[in-house]
Amino acid sequence: MYRNHGSTALRRLMTEYRELCLNPPEGIIAGPVSEDNFFEWEALIMGPPDTPFEGGVFPAIIKFPKDYPLNPPSMRFTCPMFHPNVYSNGEVCISILHPPGEDPNQYETSAERWSPVQSVEKILLSVLSMIAEPNDESGANVDASKIWRENRDEYNKIVKQNIKKTLGFTDA
Amino acid sequence: MELNQQNHIDDPSEWPEEFPGMREIDTRLRCPICYELLSGSLMSTNCGHVYCSLCIRRALVTRKLCPCCFEPLDEHQLVLARQLDELVEFFRTSRVDVLNALRHSTSSSFDSISIEESSQIDSTPQETIKTGDKDSNFPANLSKTDRSSPNADTDIYVECPGCQKLIQGSKINWHLDNYCKNSDFADGLQNKKTKYRETTKNKGIVRDGGNNVNLVSNRIDNRRMNQTKPSMIFGATQRKDVLLAKPSKLVYSILSDSKLKKILKDLGLPSTGTRNQLEARHTEWVSRYFANEDSINPKSHNKLLKELAQWEANVQKTASSGFANKRSGVGKKVVDVIGPSFNSEDYLAANADVFDELKLKAQQNKGKRKKADE
Ligand SMILES: [Zn+2]
Ligand SMILES: [Zn+2]
Ligand SMILES: [Zn+2]
């Protein structure tokens, strides 16, 4: 055929990038960090309206394995992110980033999992909805889970402070 | 030279918005794993989902689930969707022609394209047939690919699946129609006409006699040898093949190193390397071997071996650069990497603006928000 299967991952990433450029989902921007490496992307996610994250812009790095899409990428926020489903190092923990049976938290077995037919766009949309509606069952950040559950005002305040920090304010 | 070939990635968005139906068809003829037109389509008898043979075979090495619906799936539940393959092949070869034809009509004139117009020979000077071929059976959209000065931005080189020569994309169908006999345009119109008559009459017999005797007998040979594969017309060349034995899946854990090496040797594969390399080589070979069997245009085993070697060279390159997948044990073995000759500059150059613009927009949003907060 007209293709070399040795470059499956790269060709797919390029196609996905082109589609994301042509049809960017609302509130999301993503693309390779540099020309030399299509296996590392930068994403900017706008905080969803009507959530404490509204008004924030959240940068993240997405790293793809060389056998993508057989295995999922990993995603890590590079800004302070106080959220039940984000580890303190910024790593995102949602079901779509885990293939069936490889979930560290073993929650929601029926939830959307990684498979080769998932895509960067689907991941980013899942992350967007995760930001808006944390998944209480997965305790990536135990403090955030607890405060989110027990003291929503406090949670919202911390989130807002983080947004100011990310946007370059020093008063937080 | 696979550089240009790799740089061009087609996708359904290439169809003008005025033809949403073509986008849908193009999307549905693609594999949901690699996003490319299906190749050696295999359908799950369990759930009906369809993938390229190589894509689903590799996916099942990683996890025995249908990637679309997560139903348990094993290779023996896959069946060839041969008719789909044939459809894809005709779509693939028509695709370039039709897209070129659409691109060369200005967008304002899309509405005015009619069947009558497109069945006539073009009036645009650069698109007329050079040799004065006035055969009214000769459709105008075929003549569009006959331009001797192809448009620089639409013309890409592709490797011919039949003879592996590098051919300009706008000429590949013509080249294939001529059974890889010609790689130069100038002398091919007669053959093309022949092919056209042949296909319109839906017969394997060529009615033009004359100077095409060799061509004709080759064709008839190919038909006879490949009765179950009508689309062999796309890749029919005479090859001197090595024929390698059918591999089978192995449970590696019960095999000693020496046994595994012997198996590889018997299969005609290299038997050197670490244990992981041996296993990965065998696994990948099994997938590639059977995917090739499923293909409508099977490659020679020589070519297949070359591709395996290339794949392995890339895998090793990746491993030594330390960029391996940390998440999955399987992933480490079945790494799939960029060819060393790959150059993404064209693609990035074409898209850099978009990304920069989006970034700028985000920064502006950020700025706005900042002001609002103050
Ligand atoms: Zn595929
Ligand atoms: Zn399925
Ligand atoms: Zn050829």
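With an unreviewed UniProt entry as reference, chain B is termed Postreplication repair E3 ubiquitin-protein ligase RAD18, source organism Furculomyces boomerangus. Chain B has a UniProt comment under Subcellular location (unreviewed entry) that states "Nucleus".

Looking up chain A in an unreviewed UniProt entry gives the name E2 ubiquitin-conjugating enzyme, with the organism given as Furculomyces boomerangus. UniProt annotates chain A under Catalytic activity (unreviewed entry) with the comment "S-ubiquitinyl-[E1 ubiquitin-activating enzyme]-L-cysteine + [E2 ubiquitin-conjugating enzyme]-L-cysteine = [E1 ubiquitin-activating enzyme]-L-cysteine + S-ubiquitinyl-[E2 ubiquitin-conjugating enzyme]-L-cysteine." Recorded under Sequence similarities (unreviewed entry), the UniProt text for chain A is reproduced unchanged: "Belongs to the ubiquitin-conjugating enzyme family."

All names here are of chain A. Counting buried positions along strand E3 (residues 57–63) gives 6 out of 7 residues, so the element sits mostly inside the fold. Strand direction decides the pairing type here: E3 and strand E4 (residues 74–77), joined by 4 bridges, are antiparallel. Bridging across to E4, alanine 60 finds its partner in phenylalanine 77.

Look at helix H11 (residues 275–294) of chain B: 29 Å from first C-alpha to last across 20 residues, which is about the 28 Å you get at 1.5 Å a residue. Of all 20 residues that make up H11 of chain B, 16 are buried, and the element is covered over most of its length.

So, about the coordination of the zinc ion (ligand 2). All names here are of chain B. Looking at the metal site, the zinc ion (ligand 2) is ligated by Cys47 (SG), His49 (ND1), Cys66 (SG) and Cys69 (SG), spaced 2.0 to 2.3 Å from it. With 4 donor atoms in place around the zinc ion (ligand 2) and angles of 105 to 116 degrees between them, the coordination shape is tetrahedral. Overall, cysteine 47 belongs to the partly exposed group, its relative accessible area being 28%. Judged by relative accessible area, which is 1%, cysteine 66 ranks as buried.

Listed under "domain: RING-type" (unreviewed entry) in the UniProt record, and renumbered for this structure, are residues 31–69 of chain B. The annotated region residues 31–69 of chain B carries 26% helix and 13% strand content, and the separation between its end C-alpha atoms amounts to 14 Å.

Below, the discussion takes up the pairing of strand E2 (residues 37–46) of chain A. Residues and elements named next belong to chain A. The buried fraction of E2 is high, at 7 of 10 residues. The antiparallel pairing of strand E1 (residues 28–34) with E2 creates a hairpin that spans 2 residues between the two strands. The pairing of E2 with E3 spans 7 bridges and is antiparallel. From the neighbouring strand, tryptophan 41 faces E3, where its bridge partner is isoleucine 62.

Residues and elements named next belong to chain A. Within the open sheet, the 4 strands sit side by side as E1-E2-E3-E4. Their pairing is antiparallel. Both edges of this open sheet fall to E1 and E4, since each of them pairs with a single strand only. Here the strands of the sheet are splayed against their neighbours by 30 degrees on average, with no regard to which way each runs. The strands touched by helix H1 (residues 8–22) are E1 and E2; relative to E2, the strand with the most contacts, the crossing angle is about 30 degrees.

Below, the discussion takes up the sheet that holds strand E1 (residues 42–44) of chain B. Residue and element names in this part refer to chain B. Taking strand neighbours across the sheet as the criterion, the 3 strands line up as E2-E1-E3 in an open arrangement whose pairing is antiparallel. Each end of this open sheet is capped by a strand with a single partner; those strands are strand E2 (50–51) and strand E3 (78–80). As paired strands, E1 and E3 are joined by 3 bridges and run antiparallel to one another. Note that in E3 the partner of methionine 43 across the bridge is valine 79.

Under the defined criterion, the tally for this structure stands at 11 aromatic pairs over all chains. Considering the side-chain rings of tyrosine 17 of chain A and phenylalanine 38 of chain A, the 6.1 Å spacing of their centres and the 70 degrees angle between planes classify their relative orientation as edge-to-face. Taken as a pair, tyrosine 17 of chain A in helix H1 and phenylalanine 38 of chain A in strand E2 lie far apart in primary sequence, 21 residues in all. You can call phenylalanine 38 of chain A buried: its relative accessible area is 3%. Relative to phenylalanine 290 of chain B, the ring of tyrosine 289 of chain B has its centre 5.5 Å away and its plane inclined at 70 degrees; by these criteria the two rings are edge-to-face. Here the aromatic cluster, defined as three or more aromatic residues joined through ring pairs, consists of Tyr17, Phe38, Trp41, Phe64, Tyr68 and Trp114 of chain A. Above the face of the tyrosine 35 of chain B ring, arginine 12 of chain A is positioned so that its terminal group lies 4.2 Å from the ring centre.

Take the nonpolar core next. Ranked by internal contacts, the top residues of the largest apolar core, which has 46 residues, are Trp41, Met75, Phe77, Leu124 and Val127 of chain A. For this core, the secondary-structure elements that each account for two or more residues are H1, E1, E2, E3, E4, helix H2 (120–132), helix H3 (142–150) and helix H4 (152–166) of chain A. Once residues within four sequence positions are removed from consideration, methionine 75 of chain A is found in contact with Ile45, Ala60, Ile61, Ile62, Gly90, Glu91, Val92, Leu97, Ile123, Leu124 and Val127 of chain A. Counting 23 residues, the second largest nonpolar core, distinct from the first, contains Cys34, Leu42, Tyr51 and Leu78 of chain B.

All names here are of chain B. Looking only at helix H10 (residues 257–267), the buried set comprises Leu260, Ile263, Leu264 and Leu267. The arc that holds every buried residue of H10, seen down its axis, measures 95 degrees, which confines them to one face. Across H10 from its buried face, at more than 90 degrees, point the exposed residues Ser258, Lys262, Lys265 and Asp266. The secondary structure elements touched by the buried residues of H10 are H11. Phi for glycine 268, located one or two positions after H10, is positive at around 90 degrees.

Residues and elements named next belong to chain B. Averaged over all residues, the pLDDT of chain B equals 66, while 46% of them reach at least 70. A low-confidence stretch, residues 1–6 (pLDDT under 50), is modelled with 19 contacts involving residues beyond four sequence positions or located in other chains. Predicted confidence is poor over residues 321–352, with pLDDT under 50, and the contacts of this stretch with residues over four places away or in other chains come to 80 contacts. Model confidence for the complex: the whole-complex pTM is 0.63, and ipTM, which rates the interface, is 0.82.

How each quantity is defined
Residues numbered from 1 in each chain as written. Chains lettered and ligands numbered in written order. Predicted model: local features only at pLDDT ≥ 70, side-chain atom pairs only at ≥ 80, totals over all residues. Heavy atoms only, no water. UniProt positions renumbered as here; feature names shortened; annotations may be inferred. Buried < 20%, exposed > 50% of the residue type's maximum accessible area, 1.4 Å probe, protein only. Helix = DSSP H or I, 4+ residues; strand = E, 2+ residues; numbered from the N terminus. Pairing = 2+ DSSP bridges. Expected span 1.5 Å × (residues − 1). Donors = N, O, S within 2.8 Å, 3.2 Å for Na, K, Ca; no water. Tetrahedral: all angles 85-135°; square planar, octahedral: opposite > 155°, others 65-115°. Axes fitted to C-alpha atoms, helices over the stretch in contact; angles between N-to-C directions. Contact = heavy atoms within 4.5 Å. Phe/Tyr/Trp six-rings, centres within 6.5 Å; stacked < 30°, edge-to-face > 60°. Lys NZ or Arg CZ within 6 Å of the ring centre and 35° of its normal. Core = buried A, V, L, I, M, F, W, Y, C linked by side-chain atoms within 4.5 Å. Arc of directions from axis to C-beta. pLDDT = per-residue confidence, 0-100.

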